Amino acid sequence: MVYISNLSDHVDEEVTLKGWVYNYRSSGSLYFVEMRDGSGICQCVVAQDAVSEEAWEQTEALRQETSLQITGKVVEDERSVGGHELQVTDLKIYQVAEDYPITPKEHGVEFLMENRHLWLRSQKQWAAMRVRNEIIYAIHTFFQERGFVQMDAPIFTGNAAEGTTNLFETEYFEDQAYLTQSGQLYGEAMAMAHGLIYTFGPTFRAEKSKTRRHLTEFWMIEPEMAFYDLDMNMDLAEDFIKFIVKRVIDRRPKELEILERDTSKLRKAVDEGFPRISYTEAVEQLKSDDMAAMLDQMVEDRKKEAAELKEEREEIEKERGQAKKWRKAQIDERVIEIGKRLDEIEEDLRNIPDWRESALNFEWGEDFGGSDETLLTMKYDTPILVHRFPAAIKAFYMKRDPQDEKLALACDMLAPEGYGEIIGGSEREDDLETLRKRINEHGLSEDTFQWYLDLRQYGSVPHSGFGLGLERTVAWLCGLDHVRETIPFPRMMGRLTP
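A brief report on the enclosed structure follows. (Residues numbered from 1 in each chain as written. Predicted model: local features only at pLDDT ≥ 70, side-chain atom pairs only at ≥ 80, totals over all residues. Heavy atoms only, no water.)

**Notes on unusual backbone geometry**
Okay, so step 1: Between Thr497 and Pro498 the backbone carries a cis peptide bond, its omega angle lying at 0°.
Okay, so step 2: Note on placement: Pro498 falls in the segment after helix H15 (470–478).
Okay, so step 3: Of note, Phe173 is a non-glycine position whose phi angle comes to about 55°, a positive value.
Okay, so step 4: Overall, Phe173 belongs to the exposed group, its relative accessible area being 73%.
Okay, so step 5: Phi is positive for Arg388, which is not a glycine, with a value near 60°.
Okay, so step 6: With respect to the helices and strands, Arg388 occurs in strand E13 (residues 384–390).
Okay, so step 7: By relative accessible area, which is 25% here, Arg388 ends up partly exposed. (Helix = DSSP H or I, 4+ residues; strand = E, 2+ residues; numbered from the N terminus. Buried < 20%, exposed > 50% of the residue type's maximum accessible area, 1.4 Å probe, protein only.)

**Focus on the sheet that holds strand E5 (residues 84–95)**
Okay, so step 1: Read once around its circumference, the closed barrel built from 5 strands follows the order E1-E2-E3-E5-E4, with strand pairing classed as mixed. Strand-to-strand, the axes of this sheet are offset by a mean angle of 50°, without reference to chain direction.
Okay, so step 2: Here strand E4 (residues 67–76) runs beside E5; their pairing, made up of 10 bridges, is antiparallel. Bridging across to E5, Thr71 finds its partner in Asp90.
Okay, so step 3: Its contacts with the sheet place helix H1 (residues 53–60) against strand E2 (30–36), strand E3 (41–47) and E5, and it is angled at close to 80° to E5. (Pairing = 2+ DSSP bridges. Axes fitted to C-alpha atoms, helices over the stretch in contact; angles between N-to-C directions. Contact = heavy atoms within 4.5 Å.)

**Notes on the pattern of salt bridges**
Okay, so step 1: Under the criterion given, the structure shown has 40 salt bridges.
Okay, so step 2: Put simply, Glu314 and Lys318 hold a salt bridge, and the shortest N to O gap is 3.8 Å. Of this pair, Glu314 and Lys318 are both found in helix H10 (residues 289–320), 4 residues apart, which corresponds to roughly one turn of the helix.
Okay, so step 3: On the basis of relative accessible area, Glu314 is assigned to the partly exposed category, the value being 47%.
Okay, so step 4: Residues joined in a network through salt bridges with shared partners are Glu134, Arg251, Arg252 and Glu255. (Salt bridge = Lys/Arg side-chain N within 4 Å of Asp/Glu carboxyl O.)

**Overview of the nonpolar core**
Okay, so step 1: The biggest cluster of nonpolar side chains holds 63 residues, and the ones touching the most others in it are Ile139, Phe240, Ile241 and Trp476.
Okay, so step 2: Tallying contributions element by element places helix H6 (residues 230–251) first for this core, with 11 residues.
Okay, so step 3: Other than its neighbours up to four places away in sequence, Phe240 contacts Ile139, Phe142, Phe143, Ile221, Ile423, Phe466 and Leu468.
Okay, so step 4: Counting residues in hydrophobic clusters, the runner-up holds 37 residues, among them Val299, Tyr380, Val386 and Phe449. (Core = buried A, V, L, I, M, F, W, Y, C linked by side-chain atoms within 4.5 Å.)

**Focus on helix H5 (residues 184–194)**
Okay, so step 1: Turning to H5, its buried residues are Gln184, Leu185, Tyr186, Gly187, Glu188, Met190 and Ala191.
Okay, so step 2: If you follow the buried residues of H5, they end up packed against strand E7 (156–157), strand E10 (196–204), strand E11 (217–226), helix H14 (450–457) and strand E17 (463–469).
Okay, so step 3: One or two positions beyond H5, positive phi appears at Gly195, with a value near 85°.

**Focus on helix H4 (residues 123–145)**
Because the α-helix completes a turn every 3.6 residues, residues three or four places apart line up on one side.
Okay, so step 1: Under the 1.5 Å per step criterion, the end-to-end length of H4 is 33 Å for 23 residues, consistent within 8% with the ideal 33 Å.
Okay, so step 2: Count one or two residues on from H4 and you reach Gly147, which has phi positive near 85°. (Expected span 1.5 Å × (residues − 1).)

**Focus on a negative patch on the surface**
Okay, so step 1: Taken together, the side chains of Glu14, Glu53, Glu54, Glu57, Glu60 and Asp90 present a region of like negative charge at the surface.
Okay, so step 2: The element that contributes the greatest number of residues to the negative patch is H1, accounting for 4 residues.
Okay, so step 3: If you trace the backbone, Glu60 turns up in helix H1. (Patch = residues over 30% accessible without salt bridge, like charges linked within 9 Å, V, L, I, M, F, W, Y side chains within 5 Å. Areas by Shrake-Rupley, 256 points an atom, 1.4 Å probe, with all protein chains shown as cover. Lys, Arg positive; Asp, Glu negative; His and termini not counted. Charge placed at Lys NZ, Arg CZ, Asp CG, Glu CD.)

**Focus: the packing of aromatic side chains**
Okay, so step 1: According to the stated counting rule, one finds 22 aromatic pairs in the structure shown.
Okay, so step 2: The interplanar angle of 50° and the centroid separation of 5.1 Å between the aromatic rings of Phe142 and Phe240 together place this pair among those described as tilted. Here Phe142, found in helix H4, pairs with Phe240, found in helix H6; they are 98 residues apart in sequence, far enough to count as distant. Per residue, the accessibility class of Phe142 equals that of Phe240, and both read buried.
Okay, so step 3: Taken together, Phe142, Phe143, Phe148, Tyr198, Phe240, Phe243 and Phe466 form an aromatic cluster joined through their ring pairs.
Okay, so step 4: Over the ring of Tyr419 we find Arg212, and its NZ or CZ is 5.9 Å from the ring centre. (Phe/Tyr/Trp six-rings, centres within 6.5 Å; stacked < 30°, edge-to-face > 60°. Lys NZ or Arg CZ within 6 Å of the ring centre and 35° of its normal.)

**Focus on the side chain of Asn166**
Okay, so step 1: Relative to the elements of secondary structure, Asn166 occurs in the loop between E7 and strand E8 (169–172).
Okay, so step 2: A distance of 3.0 Å separates polar atoms of two side chains, one belonging to Asn166 and the other to Gln181.
Okay, so step 3: When neighbours within four sequence positions are excluded, Asn166 is seen to be in contact with Gln181, Phe204, Arg205, Ala206 and Glu207. (Polar contact = N/O pair within 3.5 Å; in protein donor to acceptor, adjacent residues only side chain to side chain.)

**Focus: the environment of Met232**
Okay, so step 1: With respect to the helices, strands and loops of the structure, Met232 is situated in helix H6.
Okay, so step 2: Relative accessible area serves as the criterion here: at 33%, Met232 is assigned to the partly exposed category.
Okay, so step 3: Along the chain, Met232 and Glu85 lie 147 residues apart, while their C-alpha atoms are 51 Å from each other.

What follows is the structure, encoded as structure tokens:
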């Protein structure tokens, strides 16, 4: 038995593959079976005169997702998926999959989510999970090569990092506990022991949000660094993202191709520096005449594109009646693509007036919404770092700017192409009395945070850290519209199964 991903090592050899039928078609005495085994897809050609009568009968029983074993000779074929083909000499079925629910036709999102356990087998979902795995590997590699120690923060906590309004509360024997919204506070304690640490684990947010950027359960990567100030924090965050993006581009080209991701856009995040703008500068950009003009131009561009797409669809649908079978398949695929793009354009045209109003009416001191983040990144080809936010909208543990007490030494990294915030971080307050004051101002229990205050009492130092949302990062790098496709089994409002 070999894996499809290793077929290049077995050209002209007879091998055995074990997997599932991804697709198949017949042509008289020939069957063309696309077989997947988790590592890739290979076309297997079954000729009636090259296999036993029993194997041919098994071949005729094949259905989508039937599990099977195929033996044959590996030959190079650039036209075939994966660049290799298997000339079959024997075939054995493990189980015939009757009436597999996810067929090559279009399915609604709700149907696919109900069948998420099966949807994971589809090519784009397979590719997204492979990219996710590469990102995780890159994260560990980046930090381990730089002397960071991975440490684990608890999932059950007795205190909240940013208040209790968006936490899941649970019983913990005789006590009250919460599912963690961040490992950061514990990360600070661990950084005081090891200097450079990072945590990597699940986090939970109970806010009732249904946007394409939100999950109730997601994975966070949170480095914490002793003796780092805000600028050093932003430098590390930029280097971190550049490293991840380069690794994905270099090591997962096949998956990005399956996802139809434009890697030229990602390449800019590797080759160019990330602009850094203050919160105040960002507000000025939102309210500027240039922003209004850009949005007006977007409306015109979208309307023009929609008209061209509708004209193209009309022309190829006329052609379809007289087209050959292969051309009809091409037309059907293109019609689906056009329909998807027209839906996106329609959504943009609905949203742009709201975006425009939100931007022009934005007031200093407000927090950025999703549309504001989208607009701020539209003029940039790379992620941007927005820093020095109003302290009133940030967490109690963030250090104030010594040049302006109204500002927190905080930073957010916003990904381009409308993907929004992927990193949030800050320099932490390191003065004991100041932190005690902030805890009281936020109406939090000083007793609950006594252990956290101890960090400022016994050898306090300047320190900083940030958190990366894994699923938002996967969505950006894969070019996915919704974070529900970035994790094997997403948890959202109204979604607890499968």
